[in-house]
Every structure is written in C-alpha cells, then in structure tokens.
Amino acid sequence: MTSLTDNRLMTRSWRIVLLGCLLMAPVSALCAQGLKSGGEVKGKVVVAGAADTERYMSIDRYGTHRPSVTGSQTSTAHVSAVRLSEKVVVFLEGKSFKARRFTPPLVHPVLDQKDLTFHPQVLPIVVGTTVDFPNRDNLFHNVFSYSQPREFDLGRYPIGESRSVQFDETGIVRVYCDIHAQMNATILVLDNPYFVMPTDDGTYSIKDVPEGSYTIKFWYGREVVESREISVKNGEVVTVNFTH
Amino acid sequence: MKKPPLILVMLIALGLNADSQVQWSGQVSAFGLKSDRSPAQRVLNGGDPTLGWRLDLFLDGRVTDDIVALANVRVSGNEYLYFDYVALRFADIAGLGINFQIGKFDMPFGNLDERRFPTENFLFGLPLIYEYRTSLPNTVITRADLLNNRGRGIGMRLIDLGVYDIGAMVFGDLGDLHYALAVSNGTISSASGGQNDNKDFSKIVRLAYTPMMGLTLAAAGAMGAYLPNDGTPIPRTKAPEDYLQKIGEVDLEFSRGHFLLNGEVVYSEWMVPLENQDARLSVMGYYGEAKYTWFPRFFTAARVSGLRFSQLDFSGVQRRWDYDVFEIEGGIGVHLDRNALVKVVRRHTKTLGTTDPHDDLTAIQFAVAF
C-alpha cells in the first residue's frame, strides 16, 4: 500500500529525471554528432602463400647433457601456430596525431610466451601503454630488447609468472628471448590508437577516424610492406585492400 | 688443413635437395690480450701483447623429422680447420623416446655445453679443469720425468677441452631425469683425434635431474684405458688396457632472474706404470662461475677454479705429482647488439708449492654470432 507522501516523492523524482533528460539532450546530440564526424577505414589484407604455421629448425646440439627443454632431441621442425592475425597490423600515421596525447588503455596488452613463440608476433600499442609478458611455457624464457625506444631485460622467470614494461617513446621495439634464439616479436609503439590487427580472414576496420589525410601502413611480419595515402571524410567509409 | 669429412659433403648435398633443410650459423670472435711475462703455461705469446681470432661454423642438416646431421667447424689464428662435432642423431627410435648419436661430438661429461663458445662464455678462457695441462702425459713416463714435468703443461687436461671425441651414445629423458650412456675411442682426459689407439673404449654415464625450473643437478662417471698401443714397452710387460683412468664429477646449473650460476667438482685417478711399480695418481678439480645482468646489455661475471693433486713418493719424499693451481677470473660484458658482445677480462692464476710464476692475463674479446 502506497501512502500519499510516497506518491508525491515519486512524482517529484519523475520531474527530476525529466529535467535531467532535457538538460542532457544537447550533450547527447553533440555526442551523436561527434560519432558521425569520424570516418571508417576498412578493407582486406591478403598475404599470398602465407601459411598459418611457421616451421623452423632448432636443434639443441648440447642438450644431450641435461633434460630436454624442447621435448624433442631433434626439434627438427618446430611448428609454431602463428595465425595471420598475429603477424599483420594496419595503422594510420598523420600529422594531426603528432600534437595529441592519447590515453593508453587501462587493460594491459599481452605478449605471450607460448610454445617457444611470442604471441602475437607483432603487437601495436599506443605510446604510454604497459605491456604484460606472461610465461606460459614450462621452461624459462628471458625476454629482452635492445631497441632504442625502450631497452629492457626481464630475466628468467617460470611458467605462470609475468613481467610488465611501459613504453613511453614511439618506435619499433624488437623483442627476443635470450635463451631461445628463434623467438622474436615486434612491438609497434604508435602515437595514436588508430590501428588494428585484422581477423584471420584478413578483414579489418578502423572506426571513428577524424577527418583528414593520412598514410595507411600495412605491416607484415617484421616490416611495413606497403603504404598508401588516404583521405578520410566524416561519415564516409574508405576501403583499402592490401595484397602481399 | 684437414680433408672435409664425409658428413660435410652430406650436409652440402642436403642443401642441394629442396626437400631437406640445412641451416648454417656461426660466430666470429677476435681478441687482444696481454699476459705477464713468464714461461708458465697460462701465459700466452710469451707475455708479449697479441691479437687473435676464431671462427666457428655450425651446420644443421635435417635428413628426416627424426634424423639430423650436425657439424661444427672451427678455424683459429693458426688457420687450421678443426672438425669438432661431426655426428648423426637419430631421435625417438622405434617410438621409445630413446635417442642415438654417433660420430664425433662432446661426450656427456661435465656441463660446459655452449659456454665453450665466445658468445656464450661469460669470461675469456675455460675453467682450469677443461684447459690446464697436468704433468701426466698419455704415454709411459718415469717418476723422474713426472717430477720434472710439474707446472710445464705438457700432459693431459682433466676434461679435455670439453671432450669432443669419436663415439656413440644413447640418451633420453625419463620425466625430469635425463640419462646418457656413451662409449668413445679416447678418454675424458685424452680425447681421440682419430681411430681408437688401444683395444678399450671409454664407458661414460651421465644422469641429470631437474627438480625445479632453473636448477639442474647432474653426475657423470667414466672409465677407460688412456695409454696408446703404439709399441712403447710398458713396464712389467703389461698391456695399455691394464691402465685405466677413472673419473667422476658432479655439477649444477642454476638460474633465476638475472642471475646464472654454474659449478662442477671432478675427481680423477689414473693407474700409471712407473718404472718400479704401478702408482695411482689422482687430482681433484673444481670451478664455480656466476653471471649477473645488472641492466640491459651490461653484465659482470666471475669464476674461481682450482686443481689439487695427490702426493707421490719421489725418492722417499712425498710430493704432489703436479703443482696445485688456483685461478680467479672476473670480467664485464656489454652487448653491443643482440648478437654482438664485447668482454673485458682479468685473470689471476696462483700456482702453489713452488715460486708462483707471473702468469696473470688481461684480455678484451669481441664476439659476434650470425
């Protein structure tokens, strides 16, 4: 049973909500306008002949003196399951980004050590981001980089443990394992968050791109393999396909 | 220059076969050093400053998924070609998890492993147990010559430069336990350069256990005849096979974070046919070395190693059959690049039981892997 006083309180509450909605309406409209003010860049990346796995030879010549760390005494053809999506990045470069400082994500991106391979092989981040390096192999790794944007040496730590590194300068950071020479990865420290790692079928989409002229770059494996100049307009979609 | 062995030809042939895989890698190192001036064996180039170089090439050839051919070729300042490692490895025979290797390779004794190479060695030289020549040669010797040889460095090493010898080995893992059983033409202290020079093979056993990630504890033992059957008369008309070397060791490897530690203790004894009676000569050797990476690119390392010899009766006086030696080596290393390293090392050697020769050494070494 509802009392008279309660009804009055509810009526007053509805008035406050209604007033709030009226006050917020212009803001919502602005927000909607803001979303529409950006463009989208999308397309498909095709890498001819790219296998979903990589094979390499890693023979532990002197491993005959201690328990094998690789599980095989020949390790003749280690098959690492690296998907296309772990090797490709599409990202934008533009003069307008130089003066801006984007907020790095609160959730740390991860560069995994699993099956004697880094996952992904290339990791794009915005400057200021902290990356986690968990060890998911049942053996030691020693992740390090001597690249100028950020030198680090994480030492040896076992499965289940992780170390973190913050990247405060833009550039290309080559990452290696001091114990397993075949392990390598690249961290792309970018000045803006307009990048994407395509899906395994190669499709990608970068949304909410501010209107302007940019260079779109297609990174595959260890390097940029193609660049193009594009112009993005509000509310429009620019399609850029890459074939390598 | 030696003739290229058959396996090298095989590896090249594999390279021409599109279905096979051959992989080359290697390293080049160059150094400058200055020893004290003395006739001691740890002195290089008589104490005059000198430069030197070394090239190591590693060839891995995959014949099938379970058969690989391996070869190491080494060339150093004297420009001779050495084939240190020339072997075929058969993995997982009959699906039993047992591996087999035959050819010339490092015998399963000790834990030197890749640290024999300049890019992996934290310091300049090898521990005394691998490098120092005792006064006992692998030939028949008299008591007087043995006494005269002390400190001259013309005899056998304790573990002959990591023992690349010709042999055959089965090895594998049983959980965290690793085993290796091998036979070789030569002995641990006197590796064979070619065919077996007596009727005996050395028998070698090694067990290694990894109780936790980063820690490996191991033990090895070996036994074999060390005198060659070259026609030299042996006192009391015995055969070379009657004179054995028995050697055992324990070693450990520990690493965590930026710290690495390796250590080894070895005990060896030889039955020696001296002129009036057989004698049992023994030596105990050890080393411990540690490396710490302080920050990216930069590390420091240190090693202590020593040899302690047993006593023998020389004309009624008990004397050590060689001088005890203690050595300490320290250095700093800087990685110029991922595959390029420069090290500066200072080594102090102390010979006990006699006038200590001045045989300290300072070296700078550049090493590049490719």
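Residues numbered from 1 in each chain as written. Chains lettered and ligands numbered in written order. Predicted model: local features only at pLDDT ≥ 70, side-chain atom pairs only at ≥ 80, totals over all residues.

### So, the overall build of chain A
The helix and strand tally for chain A stands at two helices and 19 strands. Within chain A, contacts between residues separated by at least 24 positions form 64% of all contacts whose residues are at least 6 apart in sequence. (Helix = DSSP H or I, 4+ residues; strand = E, 2+ residues; numbered from the N terminus. Contact = placed C-beta atoms within 7 Å.)

### Quick word on the overall build of chain B
Within chain B one finds three helices and 18 strands. Relative to the compact-globule value of 21 Å for 370 residues, chain B shows a C-alpha radius of gyration of 21 Å, a close match. For chain B, the spread of C-alpha atoms along the three principal axes comes to 70 × 45 × 45 Å. When each of the 370 residues of chain B is scored for burial, the buried share is 40%. (Rg over C-alpha atoms; globule rule 2.2 N^0.38 Å. Buried ≥ 20, exposed ≤ 12 C-beta atoms within 10 Å, placed from the backbone.)

### Things to note about the pairing of strand E9 (residues 215-225) of chain B
All names here are of chain B. With eight bridges connecting them, strand E8 (residues 202-212) and E9 associate as antiparallel partners. Its bridge partner being in E9, Ala208 is matched across the sheet by Ala218. With antiparallel pairing between neighbouring strands as the criterion, E8 and E9 make up a hairpin whose turn holds two residues, including Gly214 at a positive phi of roughly 95°. Pairing of E9 with strand E10 (residues 244-256) involves 11 bridges; the strand directions are antiparallel. Residue pairing across strands places Leu217 opposite Leu252, the latter belonging to E10. (Pairing = 2+ DSSP bridges.)

### Notes on the interface of chain B and chain A
Listed per partner, the contact involves 41 residues of chain B and 26 residues of chain A. Across the side of chain B that touches chain A, the residue classes tally to 12 nonpolar, 14 polar and 15 charged. (Nonpolar A, V, L, I, M, F, W, Y, C, P; charged D, E, K, R; others polar.)

### A word on the sheet that holds strand E7 (residues 122-126) of chain A
Residues and elements named next belong to chain A. Taken in spatial order, the five strands of this open sheet run E7-E13-E12-E9-E10, and their pairing is mixed. The two strands at the open ends of the sheet, each matched to only one other strand, are E7 and strand E10 (152-157). Put simply, the sheet's adjacent strands are angled 15° from each other on average, direction ignored. Here strand E9 (residues 141-145) pairs with E10 via four bridges, running antiparallel. Bridge pairing links Ser145 to Phe152 in E10. (Axes fitted to C-alpha atoms, helices over the stretch in contact; angles between N-to-C directions.)

### Topic: the nonpolar core
Ranked by internal contacts, the top residues of the largest apolar core, which has 55 residues, are Phe109, Ile129, Ile159 and Leu307 of chain B. Sort the elements by how many residues they give to this core and strand E3 (residues 67-76) of chain B lands first, with five residues. Look past the residues within four positions of Leu307 of chain B in its chain and what remains in contact with it is Leu128, Ile129, Tyr132, Leu158, Val283, Gly285, Asp324 and Val325 of chain B. Val90, Leu111, Leu123 and Phe152 of chain A belong to the second largest nonpolar core, which has 44 residues in total. (Core = buried A, V, L, I, M, F, W, Y, C linked by C-beta atoms within 7 Å.)

### Thoughts on the sheet that holds strand E16 (residues 212-220) of chain A
Residue and element names in this part refer to chain A. If you trace the four strands from one edge of the open sheet to the other, you get E14-E4-E16-E17, paired in antiparallel fashion. Of all the strands in the sheet, the pair left with one neighbour each is strand E14 (195-196) and strand E17 (223-232). By the bridge criterion, two bridges tie strand E4 (residues 88-93) to E14 in an arrangement that is antiparallel. For Val90, the partnering residue across the bridge sits in E14 and is Val196.

### Remarks on the confidence of the model for chain B
All names here are of chain B. Residues at a pLDDT of 70 or more form 95% of chain B, whose mean pLDDT is 91. Per-element mean pLDDT across chain B ranges from 59 in helix H1 (residues 6-16) up to 98 in strand E13 (residues 298-309). Scored by ipTM, the complex comes to 0.85, with pTM at 0.85. (pLDDT = per-residue confidence, 0-100.)

### Digging into the environment of Ser255 of chain B
Along the chain, Ser255 of chain B falls in strand E10. Residue Ser255 of chain B is classed as partly exposed on the basis of its 19 C-beta neighbours within 10 Å. Between the C-alpha atom of Ser255 of chain B and that of Ile166 of chain B, which follows or precedes it by 89 residues, the distance is 32 Å. The contact partners of Ser255 of chain B, leaving out residues within four places of it in the chain, are Phe140 and Arg156 of chain A together with Gly214 and Leu260 of chain B.

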